[in-house]
Protein chains: 4
Amino acid sequence: MSGNTFGLLFTVTSFGESHGPAIGCVVDGCPPGLSIDEAYIQAELDRRKPGTSRHVTQRREPDTVEILSGVFEGKTTGTPIALLIRNTDQRSKDYGNIADTFRPGHADYTYWHKYGIRDYRGGGRSSARETAVRVAAGAIAKKWLAEQYGIVIRGHMTQIGEKPIPFARWEDVPTNPFFAADNSVVDELEAYMDSVRKSLDSVGARLRVVAENVPVGWGEPVFDRLDADIAYAMMSINAVKGVEIGAGFESVAQRGSVHGDELTPEGFASNHAGGILGGISTGQDIEVSIAIKPTSSIATPRRSIDKAGQAVTMETHGRHDPCVGIRATPIAEAMLALTLMDHALRHRAQCGDVVVSTPRIPGRIG
Amino acid sequence: MSGNTFGLLFTVTSFGESHGPAIGCVVDGCPPGLSIDEAYIQAELDRRKPGTSRHVTQRREPDTVEILSGVFEGKTTGTPIALLIRNTDQRSKDYGNIADTFRPGHADYTYWHKYGIRDYRGGGRSSARETAVRVAAGAIAKKWLAEQYGIVIRGHMTQIGEKPIPFARWEDVPTNPFFAADNSVVDELEAYMDSVRKSLDSVGARLRVVAENVPVGWGEPVFDRLDADIAYAMMSINAVKGVEIGAGFESVAQRGSVHGDELTPEGFASNHAGGILGGISTGQDIEVSIAIKPTSSIATPRRSIDKAGQAVTMETHGRHDPCVGIRATPIAEAMLALTLMDHALRHRAQCGDVVVSTPRIPGRIG
Amino acid sequence: MSGNTFGLLFTVTSFGESHGPAIGCVVDGCPPGLSIDEAYIQAELDRRKPGTSRHVTQRREPDTVEILSGVFEGKTTGTPIALLIRNTDQRSKDYGNIADTFRPGHADYTYWHKYGIRDYRGGGRSSARETAVRVAAGAIAKKWLAEQYGIVIRGHMTQIGEKPIPFARWEDVPTNPFFAADNSVVDELEAYMDSVRKSLDSVGARLRVVAENVPVGWGEPVFDRLDADIAYAMMSINAVKGVEIGAGFESVAQRGSVHGDELTPEGFASNHAGGILGGISTGQDIEVSIAIKPTSSIATPRRSIDKAGQAVTMETHGRHDPCVGIRATPIAEAMLALTLMDHALRHRAQCGDVVVSTPRIPGRIG
Amino acid sequence: MSGNTFGLLFTVTSFGESHGPAIGCVVDGCPPGLSIDEAYIQAELDRRKPGTSRHVTQRREPDTVEILSGVFEGKTTGTPIALLIRNTDQRSKDYGNIADTFRPGHADYTYWHKYGIRDYRGGGRSSARETAVRVAAGAIAKKWLAEQYGIVIRGHMTQIGEKPIPFARWEDVPTNPFFAADNSVVDELEAYMDSVRKSLDSVGARLRVVAENVPVGWGEPVFDRLDADIAYAMMSINAVKGVEIGAGFESVAQRGSVHGDELTPEGFASNHAGGILGGISTGQDIEVSIAIKPTSSIATPRRSIDKAGQAVTMETHGRHDPCVGIRATPIAEAMLALTLMDHALRHRAQCGDVVVSTPRIPGRIG
């Protein structure tokens, strides 16, 4: 395909520009009989909604999702599920000034050179707005994985700019604007982000996403490994520049006698693997960490060029997130859910749901 | 596909187990008229050959490649190119002891649970031996990219265990056993690796791979981004636990005013992007960094279980690399080449080879 | 994918049920810079619109298409083009009686057994209404093929029931309700169809579709041959039971000395091949013929069963086409256009637009 | 992919030229635990072997298959199964005369124009020799389908040239050189084929392939319908020009009250559908009929051109089948098996092996 379809068996085909009539997607391959409705999907969508705090874009967009097909009397029918989100708040005037110039660090430049034409309004197709449809599609995968296997997928921010954010408890995550797992640091983060915004600048972020209760055996070696497909899924999110599984880059300095997770009759004694060995899930928690670069649209003047190749000075005003990572947690959860669901179906296709005839070992320490 | 085919248009379908009759692949989609022969592919293969120094496995395997199809009178015909490498040095006795147990950190456990059967000899399908065919296939992509666009793809080791390896000059890389870009540190690395080996342990490594002269415009948003497909390609290499593009995880603490590469009439003023914006190549060098975990097969006794779930103590002897990262540089180069070639064809399919009607900006500082 | 995406590079992902909120599709991979608008697509859609004569369903559906993305200032941008058609005339009461029973010759039975749930209203996903989106997507392909290569794709009905329809002239096709290429037989066909309708029965049809000016060289042996993909495309149209390329089933009784089209310096001397040899286009006209079965929903009482497996008598009333083949010509043209466009891009990817270094032979007699 | 891979989940990637070192394929996605060995595959291969009677090519080729991977201790492991057949009898001199000219009705012309280079020896990649690997791969699918579902796939010739061949009994098929289901007509066919050969000409053939005991529910609407994928599979066989499902082209003249198969509590009362409705299997026998054109390589002089476009007279000598259809029955069976197996896995992926919660209706009359 031409790049806008995710997955092999559980597929999401995404469409839409930031300031066009609508964004949306077609979800194909969903098993029949799953109960979903617009209210459920809307609740997931609202987690990444703009305008929820002073630290994210003030664009006011209800992001109301409509199910166009594939659901009958509240249940999926096995046919394609089309999801539609109309664009409503499109202040194109905010963006007119970038029609002929390229923002440093932004896709303006590459879209123009690739296609020779681009919808520059709000970044057009390259806008992070597209990720809303990933969250909507991911909600379907999350529900199926939870109902079929009890899988729980959740994420939190572990660093913003130079500020590390410790993990205290999952319960805190939904109660603060940063998806931080420790409310005691929120005041400090608020002050930090205010200072970043005042300096007309932006910062990056680091997120961690975890999937619990994933069965042993998902993933297709040698190329479509579960970790390879997770890396692809995460790097396909706007602004992501790095992906780690388990110990990630810390593995470099580790000794084999430390890194390799020992097995005991009660389960694994550690989880440096991040729940994947040889590209196949182990039953340990799947642990993924991603790096998100700072927002490229900032009000600080920077050197750039225009379409004619002439030097210009760019400063971007308008309603941009000072840290695109703040709203990225639901997106990363969604991409992990989509990846796991696709592999769940792929595993079932080749190996069925048969249980291996050996004592099943608990995948992780309780 | 079921996981053993890489790419959409330039595809590599890999097969073979470590101790079966042979390993190999089918390369489909290669443009016609490219001059290749066995000698050229063999030269690339020999770069990852075992037994080249005391720091890698002493398995003696000529890894002789045979071209079975797709080449006529020295030129590719556009039909599938099948490459065959017979396995010759198979000391299965080395591996008999792992038939019923699982090595910590190894795919033994996951293959067994996924398929309910596995060729345990030498790790079977999960052996890094499979990567030889990637290098062979990558050699074809490298040659086409060089002839068509002058693209140069090369890599070097930037860290082994806790030892960082500075970059001095590309010329040094082929002249030492570590793919180090600075021969002045080689003696130190030799001593270091000797001590690791004596301690019956293993270490990880970090590599950097660079592609120069990649045109602007390769990559398919929003899912099949060039960086997403590179992440997939790199994470599909055995033992890789992390992938970075450009500034990678350093982006987290960077300000937008620092990270975003300024543009000037002479080109980009920096390369934090790693040559990719919005999933599309910028014309800057493509910069990729990967983390490779320490070898899981070590002689240090470790806790594990057998198929019956009973506790056992594992210590793996035999001919294992104390650092699988040492031979990984040609593999990472090959995977980057395969990814770029697939995207070169995908770009040509949709956008043709048309030059954009604006003054072309040099993609990078000379 | 799960079956609702057509094509490899120029893809159409279809969604929607007959009586759901909407039908539509996402067209991905369209080259940038193609001029399209809703009026153009609408004109193609209107060719298969219901209610145009007394010989087709009286369902009154404007089938108004909306472009949701991928087009900016009247030109394609290279990003996904989403097309939406709202369902407006949904008399579900017409269909309530089939909720628990299966119409002979209809997909009711198989959808129920495959999925265990189905939207029975108007046949749900199995309704021929879905083909409207194929015509809309095909319109885009038709325009690109015409502008790039001067390709002309058109079809006509060659038989309805036991009545053969001779070919007189293309000009007649749009001027009668049967897509007949000879207006002199239209009165006879009108009377024939009236009698079929009065007998509460239905009939099949045979169509011929032709593509002119297709370049030599399109098609990917050995599986994705151009003729193999055309056969797939045509057989994917509701009610199609047979496909022929060129001489088709007549080839069986032909001698090789008759079937094989001789070549002369002026071109091919005949076209039994139907424009394809070895799965690759020859430059001759591409000639395809398809068989369409009679409508399965008829008012004649027939034996069937209900969900409980009990015997019932079915007679289907409502607004059904007495010959589904009548409106199928635009659909067959669209599927041929989609197939050719996908192969045009695939050929360009591997072989570029390079002209072969031999005197180009005219592909067909002028 | 670039055309040489068949299937989505159970994939066959084919390679090799008629006179290169070898032909073969990689079968990926096979479920683990299936017992196969070279002897079993060889037995299927021998059914299409050349030189078995005076009515087929006298090329003497043992076609010995070697399993290179994916099988351990007699069972499939779930990893790719590579099959290799070395070419042994390559009389290239027979073919030198066609290096610069094009045989009427042959792929010489299209391969040359597509790729600008071709291995002309024995037709190179376009040779029907490639179909040997389909038979080998199909043997694996046949065995799995038989063991899992009791599916029986078999075919026979129904017409050769203008001679129809009635169906008497399956038992006769393996006992005569024509795959005829009635030995009483074999003498007549022998005489007929002798006369065709003496006339230095060739004829076409018509085959019928049947799959029994296929469960209800296989096939993925709306594009990847089971019948659409069967049409693709059959049309991908060399020389096939037409495909019919069930009543095929006879459907055109049928009334809906005749064509639509009535359902009774005991099963379907007829099988005009050919076992597929709405693209999904019904449980009836799957019935496929194909048309195969006459061999294009004949000794009768015919008009053609050379690479320079100059008129030449062609007469092809050498060891060609006077009717390529004679050896096509095992190939058609193999392609049907490969299609069914792929859909079996696709169905299991989305819908599992769950039995629908209604009394299961026998799919066909006993």
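Computed from a predicted model, the values in this text were never measured in an experiment. (Residues numbered from 1 in each chain as written. Chains lettered and ligands numbered in written order. Predicted model: local features only at pLDDT ≥ 70, side-chain atom pairs only at ≥ 80, totals over all residues. Heavy atoms only, no water.)

Caption draft 1: The arrangement of the UniProt feature "binding site: FMN" (unreviewed entry) in chain A in detail. The sites that UniProt annotates as "binding site: FMN" (unreviewed entry) are A:Arg125, A:Ser126, A:Ser127, A:Asn238, A:Ala239, A:Gly278, A:Lys293, A:Pro294, A:Thr295, A:Ser296, A:Ser297 and A:Arg319. What A:Arg125 contacts, discounting residues up to four positions off in sequence, is A:Asn4, A:Ser14, A:Phe15, A:Gly16, A:Glu17, A:Tyr111, A:Glu130, B:Val222, C:Thr79 and C:Pro80. For A:Arg125, the side chain forms a polar contact with the side chain of A:Ser14, separated by 3.0 Å. (UniProt positions renumbered as here; feature names shortened; annotations may be inferred. Contact = heavy atoms within 4.5 Å. Polar contact = N/O pair within 3.5 Å; in protein donor to acceptor, adjacent residues only side chain to side chain.)

Caption draft 2: The arrangement of the confidence of the model for chain A in detail. Residues and elements named next belong to chain A. On average, residues of chain A score 92 in pLDDT, and 92% of them reach the 70 mark or higher. Considering only residues more than four positions removed or in separate chains, one finds that residues 355-366, a stretch of pLDDT under 50, has 34 contacts. Here the predicted complex scores 0.96 on pTM and 0.96 on ipTM. (pLDDT = per-residue confidence, 0-100.)

Caption draft 3: Focus on the pattern of salt bridges. Counted according to the given criterion, the structure contains 111 salt bridges over all chains. In this structure, B:Glu212 and B:Arg154 form a salt bridge, with 3.0 Å as the shortest nitrogen-oxygen distance. With B:Glu212 in strand E10 (residues 205-212) and B:Arg154 in strand E8 (residues 152-160), the pair connects residues that are 58 residues apart, well separated along the chain. Classification of B:Arg154 by relative accessible area gives partly exposed; the value is 27%. Beyond isolated ion pairs, a larger network of salt bridges with shared partners links A:Glu44, A:Arg47, A:Lys142 and A:Glu333. (Salt bridge = Lys/Arg side-chain N within 4 Å of Asp/Glu carboxyl O. Helix = DSSP H or I, 4+ residues; strand = E, 2+ residues; numbered from the N terminus. Buried < 20%, exposed > 50% of the residue type's maximum accessible area, 1.4 Å probe, protein only.)

Caption draft 4: Structural context of the interface of chain D and chain C. The interface of chain D with chain C comprises 113 residues on the first partner and 113 residues on the second. Around 9300 Å² of area is buried between chain D and chain C when both sides are counted, 60% of it from carbon and sulfur atoms. Area buried by chain D at its contact with chain C is led by D:Lys114, D:Phe223 and D:Lys241, which between them contribute 10% of it. The interface formed by chain D and chain C contains 8 salt bridges. Between C:Glu262 and D:Arg303 there is a salt bridge, with its nearest N and O atoms 3.0 Å apart. Where chain D touches chain C, the interface holds 55 residue pairs in polar contact (both at pLDDT 80 or more). Among the elements that line the side of chain D that touches chain C, the one with the most residues is helix H2 (residues 108-115) of chain D, at 7 residues. Its residues placed into classes, the side of chain D that touches chain C shows 51 nonpolar, 39 polar and 23 charged. Here 3 bridges tie strand E11 (residues 240-245) of chain C to strand E11 (residues 240-245) of chain D, and the two strands are oriented antiparallel to one another. Bridge pairing in E11(D) links C:Val243 to D:Val243. (Buried area = accessible area lost by both parts, 1.4 Å probe. Nonpolar A, V, L, I, M, F, W, Y, C, P; charged D, E, K, R; others polar. Pairing = 2+ DSSP bridges.)

Caption draft 5: Focus on the pairing of strand E3 (residues 22-28) of chain D. Residue and element names in this part refer to chain D. In terms of burial, E3 is largely enclosed, as 7 of its 7 residues are buried. Burial along E3 is two-sided: the face carrying Ala-22, Gly-24, Val-26 and Asp-28 and the face carrying Ile-23, Cys-25 and Val-27 are both buried. In this sheet, E3 lies alongside strand E2 (residues 11-16) in antiparallel orientation, the contact comprising 6 bridges. Within E3, the position partnered with Thr-13 by the bridge is Val-26. Where E2 hands over to E3, the hairpin turn is made up of 5 residues, counted between the paired strands. Note: E3 against strand E7 (residues 81-86), 6 bridges, orientation antiparallel. Looking across to E7, one finds that Val-26 is bridged to Ala-82.

Caption draft 6: Looking closely at the interface of chain A and chain B. Counting from both sides, the interface comprises 112 residues of chain A and, opposite them, 112 residues of chain B. Of the roughly 9300 Å² buried at the junction of chain A and chain B (both faces included), carbon and sulfur atoms supply 60%. The interface formed by chain A and chain B contains 8 salt bridges. Note that A:Glu162 and B:Arg255 form a salt bridge whose closest N and O atoms lie 3.3 Å from each other. The tally of links from chain A across to chain B stands at 55 residue pairs in polar contact (both at pLDDT 80 or more). The element contributing the most residues to the side of chain A that touches chain B is helix H2 (residues 108-115) of chain A, with 7 residues.

Caption draft 7: The arrangement of the pairing of strand E16 (residues 286-292) of chain A in detail. Residues and elements named next belong to chain A. Most of E16 sits inside the fold, with 7 of its 7 residues counted as buried. The side-chain alternation of E16 yields two buried faces, one formed by Ile-286, Val-288, Ile-290 and Ile-292 and the other by Glu-287, Ser-289 and Ala-291. In terms of strand pairing, strand E10 (residues 205-212) meets E16 through 7 bridges, oriented antiparallel. Its bridge partner lying in E16, Leu-207 is registered against Ile-290.

Caption draft 8: Examining the relation of the copies chain A and chain B more closely. For the pair chain A and chain B, the relating rotation is 180°, the translation along its axis is 0.0 Å, and the fit reaches an RMSD of 0.0 Å. Taken together, these values place the two copies in the relation of a two-fold axis. No C-alpha of chain A approaches the rotation axis more nearly than that of A:Tyr232, which lies at 2.4 Å. Of the interface residues in chain A, 100% have counterparts in chain B that sit at the interface too, so the contact is made through matching surfaces. (Least-squares fit on C-alpha atoms with pLDDT ≥ 70 in both.)

Caption draft 9: A look at the relation of the copies chain D and chain C. Overlaying chain D on chain C yields an RMSD of 0.0 Å, the required transformation being a rotation through 180° with an accompanying axial translation of 0.0 Å. Both copies share a contact surface, since 100% of the interface residues of chain D are interface residues in chain C too.

Caption draft 10: How the structure looks around the UniProt feature "binding site: NADP(+)" (unreviewed entry) in chain A. Residues and elements named next belong to chain A. Those residues carrying the UniProt feature "binding site: NADP(+)" (unreviewed entry) are Arg-48 and Arg-54 in this numbering. In this fold, Arg-48 is placed in the loop between helix H1 (38-46) and strand E4 (65-67). The buried category is assigned to Arg-48, whose relative accessible area is 3%. Not counting the four nearest positions on each side in its chain, Arg-48 is found in contact with Asp-63, Ala-128, Arg-129, Thr-131, Ala-132, Val-135, Arg-327, Pro-330 and Ile-331. Looking at the secondary structure, you find Arg-54 in the loop between H1 and E4. Accessibility expressed as a relative area gives 46% for Arg-54, which makes it partly exposed.

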